[in-house]
Amino acid sequence: MISDLGYALAGIGYFTLLLLLFTVRKAGLAKYLLVLSTVVTVFWSVAHISLLAGELTLDRLLFVDTLKQSVWLLFLAAFLRDDFDNIWSVLQRPVSWAILALPLTALVLPFFMPMSASWRFLLQTVIALEVLILLEQVYRQSGAQSWAFKPLVLYLGAINLFEFVTYANATMVAQIEPLYIASRGYIYFLLIPLIVVATRRIKHWGIDIFISREVVLHSSLLLVAGAYLLVMAAIGYAVKFI
């Protein structure tokens, strides 16, 4: 039930972000990819809510996780250069398919051959690491706009660092720690303000979402409270096993 609440909050939060994106009149590749990424993240959130989708199975968990990672990797691949006009120009580059090769393999391979849980966990660990590496490349290439890219780096960096820890631990012990899965919904929800700020700062995206000062203040307080709760939960988890 606690897990369902976290993913419900994440679903509502990303659905709200999606509505804000639909208010942006200016079309462009960044908007379309961010809309696609947000839609998939909403779907990812709903797929974790047992009251709506039933008990979460390992196959469904890994499928929606891989799908989400694939779309966000495509999002990052589109910003390795700033001269892409549409999604097809991104997909025409061999490097884009190289970036997507691992998540697509993890997505399709289980349907054609049996794979142990440990190998599937390892694939997810490497995918999270791939996102972190690609994120570092995007930030390094941002140059003078590095300040504008910091919220995006913090958002995807924090999420994928947690994903990396979750699946690295699962790979070592051959099972996923339920506490990690239950925490993810809350983490994704608390990090939403960062992606909103990123859309405001990165001007060449052409995405202009209006954010009032009250929203910024409340979001900042929410992030601080969430960080405190996560630190306390981590301390409690550590004390439990020491």
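This one's a predicted model, so the numbers in the text were calculated from it and none came from an experiment.

**Brief notes about the overall build of the protein chain**
Part 1 of the argument: Of the regular secondary structure elements, the protein chain holds 11 helices and zero strands.
Part 2 of the argument: Listing the helices and strands of the protein chain from first to last along the sequence gives α-α-α-α-α-α-α-α-α-α-α.
Part 3 of the argument: The buried share among the 242 residues of the protein chain stands at 44%.
Part 4 of the argument: Contacts spanning at least 24 positions in sequence make up 72% of the contacts within the protein chain whose residues lie at least 6 apart.
Part 5 of the argument: If you sum the accessible surface of the protein chain, you get close to 12900 Å²; carbon and sulfur atoms cover 71% of it.

**Considerations on helix α2 (residues 29–47)**
Part 1 of the argument: Between its first and last C-alpha atoms α2 spans 27 Å; for 19 residues at 1.5 Å apiece the expected length is 27 Å, and the two agree.
Part 2 of the argument: Of all 19 residues making up α2, 14 are buried, and the element is well covered by its neighbours.

**Describing unusual backbone geometry**
Part 1 of the argument: Positive phi values are uncommon outside glycine, yet A174 reaches one of about 65 degrees.
Part 2 of the argument: Relative to the elements of secondary structure, A174 occurs in the loop between α8 (146–173) and α9 (178–190).
Part 3 of the argument: The class for A174 is partly exposed, based on a relative accessible area of 45%.

**Description of the packing of aromatic side chains**
Geometrically, a pair of aromatic rings is defined through the distance of the ring centres and the angle of the planes.
Part 1 of the argument: A full pass over the atoms with the stated rule returns seven aromatic pairs.
Part 2 of the argument: Put simply, the rings of Y7, W44 and Y188 touch in pairs and so form one group of aromatic residues.
Part 3 of the argument: Over the ring of W44 we find K68; its NZ or CZ atom is 5.3 Å from the centre of that ring.

**Quick notes on the confidence of the model for the protein chain**
Part 1 of the argument: Here the protein chain shows a mean pLDDT of 81. Residues at 70 or above account for 79%.
Part 2 of the argument: Ranking the elements of the protein chain by mean pLDDT puts helix α11 (residues 213–241) last, at 52, and helix α4 (residues 58–77) first, at 92.
Part 3 of the argument: Segment residues 206–219 is flagged for pLDDT under 50; beyond a separation of four residues in sequence, or across chains, it makes 21 contacts in the model.

**As for the side chain of S45**
Part 1 of the argument: Among the structural elements, S45 can be located in helix α2.
Part 2 of the argument: Classification of S45 by relative accessible area gives buried; the value is 0%.
Part 3 of the argument: Here T41 takes part through its backbone oxygen, which lies 2.9 Å from a polar atom of the side chain of S45.
Part 4 of the argument: Not counting chain neighbours up to four residues away, the residues in contact with S45 comprise Y7, A10 and G11.

Analysis parameters
Residues numbered from 1 in each chain as written. Predicted model: local features only at pLDDT ≥ 70, side-chain atom pairs only at ≥ 80, totals over all residues. Heavy atoms only, no water. Helix = DSSP H or I, 4+ residues; strand = E, 2+ residues; numbered from the N terminus. Buried < 20%, exposed > 50% of the residue type's maximum accessible area, 1.4 Å probe, protein only. Contact = heavy atoms within 4.5 Å. Areas by Shrake-Rupley, 256 points an atom, 1.4 Å probe, with all protein chains shown as cover. Expected span 1.5 Å × (residues − 1). Phe/Tyr/Trp six-rings, centres within 6.5 Å; stacked < 30°, edge-to-face > 60°. Lys NZ or Arg CZ within 6 Å of the ring centre and 35° of its normal. pLDDT = per-residue confidence, 0-100. Polar contact = N/O pair within 3.5 Å; in protein donor to acceptor, adjacent residues only side chain to side chain.

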